[in-house]
Amino acid sequence: MRPTYLEINTTCIRHNLRAIKNSLPNGMTCTAVVKANAYGHGSVIVSQIAIEEGYDALAVAIPEEAIPLRQAGIVAPIYLLGLTRPQSFDLIATTNTIPAVCESTDFEALNACASKHNRVIEVAIAVDTGMHRIGISPTEVLHWIDVIDAYPQLRINGFFSHMANADAADQTHAHEQTQLFNRLVSTVKEARPNKQYRFSLANSAGLLVLTDSLFTDARPGIIQYGIMPSVDVPNTLHLQPALSLHSEVVHVHQAPAGSGIGYGSTYIAPKDMKIATIPIGYADGYPRSLSNKGSVLIKGTYCSIVGRICMDQLMVALPDTLDIHPGEPVILLGSQGNETISVLDIAALADTIPYEIFCGFSERVPRHYL
Ligand SMILES: *Cc1c(COP(=O)(O)O)cnc(C)c1O
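Residues numbered from 1 in each chain as written. Predicted model: local features only at pLDDT ≥ 70, side-chain atom pairs only at ≥ 80, totals over all residues. Heavy atoms only, no water.

## A few points about the UniProt feature "modified residue: N6-(pyridoxal phosphate)lysine" (unreviewed entry) in the protein
Link 1 in the chain: Feature annotation in UniProt places "modified residue: N6-(pyridoxal phosphate)lysine" (unreviewed entry) on Lys-35, given in this structure's numbering.
Link 2 in the chain: The residue Lys-35 is located in helix α2 (residues 35-39) in this model.
Link 3 in the chain: Those residues in contact with Lys-35 that lie beyond four places of it in its chain are Ala-59, Val-60, Ala-61, Glu-65 and Leu-81. (UniProt positions renumbered as here; feature names shortened; annotations may be inferred. Helix = DSSP H or I, 4+ residues; strand = E, 2+ residues; numbered from the N terminus. Contact = heavy atoms within 4.5 Å.)

## Description of the UniProt feature "domain: Alanine racemase C-terminal" (unreviewed entry) in the protein
Link 1 in the chain: The residues that UniProt annotates with the feature "domain: Alanine racemase C-terminal" (unreviewed entry) are residues 242-370.
Link 2 in the chain: Annotated as residues 242-370, this span is 11% helix and 37% strand, and its ends, taken at the C-alpha atoms, are 10 Å apart.

## Side note on the packing of aromatic side chains
Link 1 in the chain: Under the criterion given, the structure shown has nine aromatic pairs.
Link 2 in the chain: Centroid distance Phe-181 to Phe-215: 5.0 Å. Interplanar angle 75 degrees. Geometry classified as edge-to-face. Taken together, the residues Phe-181 in helix α8 (residues 172-191) and Phe-215 in the loop between α9 (204-209) and β9 (217-218) connect sequence positions 34 residues apart.
Link 3 in the chain: When its relative accessible area of 15% is taken as the criterion, Phe-215 is described as buried. (Phe/Tyr/Trp six-rings, centres within 6.5 Å; stacked < 30°, edge-to-face > 60°. Buried < 20%, exposed > 50% of the residue type's maximum accessible area, 1.4 Å probe, protein only.)

## A few points about the pattern of salt bridges
Link 1 in the chain: One pass over the structure, following the stated rule, counts 12 salt bridges.
Link 2 in the chain: One salt bridge connects Asp-284 with Arg-2, and the closest N-O pair in it is separated by 2.8 Å. Here Asp-284 is found in the loop between β14 (273-278) and β15 (295-298), whereas its partner Arg-2 is found in the segment before β1 (5-8), with 282 residues between them in sequence.
Link 3 in the chain: Asp-284 gets classed as buried once you look at its relative accessible area, which sits at 0%.
Link 4 in the chain: Given the relative accessible area of 25%, Arg-2 is considered partly exposed.
Link 5 in the chain: Residues Glu-328 and Lys-299 are paired through a salt bridge, measuring 3.9 Å at the closest nitrogen-oxygen approach. Taken together, the residues Glu-328 in the loop between β17 (314-318) and β18 (329-336) and Lys-299 in the loop between β15 and β16 (301-304) connect sequence positions 29 residues apart.
Link 6 in the chain: Of the residues examined, Lys-299 reaches a relative accessible area of 44% and is grouped as partly exposed. (Salt bridge = Lys/Arg side-chain N within 4 Å of Asp/Glu carboxyl O.)

## Overview of the site of the ligand
Link 1 in the chain: By nearness alone, 13 residues border the ligand, and Lys-35, Tyr-39, Ser-204, Ile-222 and Tyr-355 come closest of all.
Link 2 in the chain: Within the backbone of Gly-221, an N or O atom sits 3.0 Å from an oxygen atom of the ligand.
Link 3 in the chain: Ile-222 places a polar main-chain atom, nitrogen or oxygen, 2.8 Å from an oxygen atom of the ligand.
Link 4 in the chain: Compared with its free state, where it exposes 390 Å², the ligand has 93% of that area covered by protein.
Link 5 in the chain: Taken together, the residues of the shell around the ligand sort by class into six nonpolar, four polar and three charged. (Near = heavy atom within 4 Å. Polar contact = N/O pair within 3.5 Å; in protein donor to acceptor, adjacent residues only side chain to side chain. Areas by Shrake-Rupley, 256 points an atom, 1.4 Å probe, with all protein chains shown as cover. Nonpolar A, V, L, I, M, F, W, Y, C, P; charged D, E, K, R; others polar.)

In structure tokens, the structure reads:
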């Protein structure tokens, strides 16, 4: 078995899911966002825990991501957050998912697909309240309700919109979006007083810091995994990171002063140095941009990455005081002794966000569940 693996603590995930659900007003539904294999954490396991914790629905980006969930026997509603092209409409029918729709949707083809499968397809109308990604204009909502209602095999499940700046220190734009969505909700309720539509706006940041983004449903993503959407969002629910990245030393050797380490010899040993090699690289999703920047924990001590990170291996400098042999455990993300490397540290060094680090861990890295 490969010594490089991700460990996912399901107790943390359950704790987080429970705290998030309990923070919502009574009567609100909650949709667990499990796209991109639950941000790398494993969509089937996270979805199963979410359902056990009373979540009402799941959300993925594309219908392909719903297949493993259905194969695992999950029957909860699954929303598709991105737009689906007609080539994939059959998959919507066979996975029984609820697609996002807007004016770019081929409703004729979607209705025909529903007929062919002898069923009704529920749709979620995407509304653009200021993200400018997908969605109808809020001013045209009644028109689109009429358009969709005219198709016998389509049924409107509800309306959702996505926040562009809910995690920013300046909440001006976020409030503009919540106000636009609020007006849309009033317009729809007035026009269709007897319908029980789902109105969903809040993402993680909205759920935590913007009570006016809470309508009938919330869609938390990153916070389920114990990570805040940005440094401007405080961890008021005491959520816990669930994921850690492990490996072990496979080789230790002495590099004489002046030797260049790795491809391009971008690191020159300033003195005789002890170098340890660790079997993880950018093909595993450990960012190559951490070359000569990042560090790992060995025996509770930070050891600097030296030289370029390779596809499958990287090298670190060992402090003279550490007596290290092959087989010694290494933490690349997580805690060891009194020290911690968080996904935020890695994301900052790689000039990106935790989301991208999580999604980058490749399939070749086994996931171990605690
Ligand atoms: C990814 C996504 C979410 C979850 O976002 P987080 O910032 O992880 O909470 C919610 N809604 C939509 C439409 C998304 O694309």
